[in-house]
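So the chains spell out like this:
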Amino acid sequence: MSAAQPDISLTRENAYLRQRVAQLQEDITAITAEAERLRQIVERLHGRTAHRAPDPLSGGQ
């Protein structure tokens, strides 16, 4: 095994992990949007606005 072999393996693993992180971030965005959509449906059905705690993932907004 040459000295470059571990570098190639680490480069491939790094690329895979970056891609996986991007996929997971997209999943979180989609789930957050779906949760908000469902929350709005529940509020409309019950005719009131529920008090929500600030979301730490969105900077408390």
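Since the structure is predicted, the reported quantities are computational estimates derived from the model, not experimental observations.

This next bit is on the overall build of the chain. Per the secondary structure count, the chain includes 1 helix and 0 strands. Buried positions account for 2% of the 61 residues belonging to the chain.

This model, assessed by the stated rule, comprises 3 salt bridges. Measuring nitrogen to oxygen at the nearest pair gives 2.7 Å for the salt bridge that ties E34 to R37. Of this pair, E34 and R37 both sit in helix α1 (residues 4–46), 3 residues apart, which is roughly one turn of the helix. Of the charged contacts, one joins E36 and R39 as a salt bridge, the two residues approaching to 2.3 Å between their closest N and O atoms. Of the two residues, E36 and R39 are both situated in helix α1; the distance of 3 residues between them amounts to about one turn of the helix. Linked through salt bridges whose partners overlap, the residues forming this network are E36, R39 and E43.

Cut-off values and rules
Residues numbered from 1 in each chain as written. Predicted model: local features only at pLDDT ≥ 70, side-chain atom pairs only at ≥ 80, totals over all residues. Heavy atoms only, no water. Helix = DSSP H or I, 4+ residues; strand = E, 2+ residues; numbered from the N terminus. Buried < 20%, exposed > 50% of the residue type's maximum accessible area, 1.4 Å probe, protein only. Salt bridge = Lys/Arg side-chain N within 4 Å of Asp/Glu carboxyl O.

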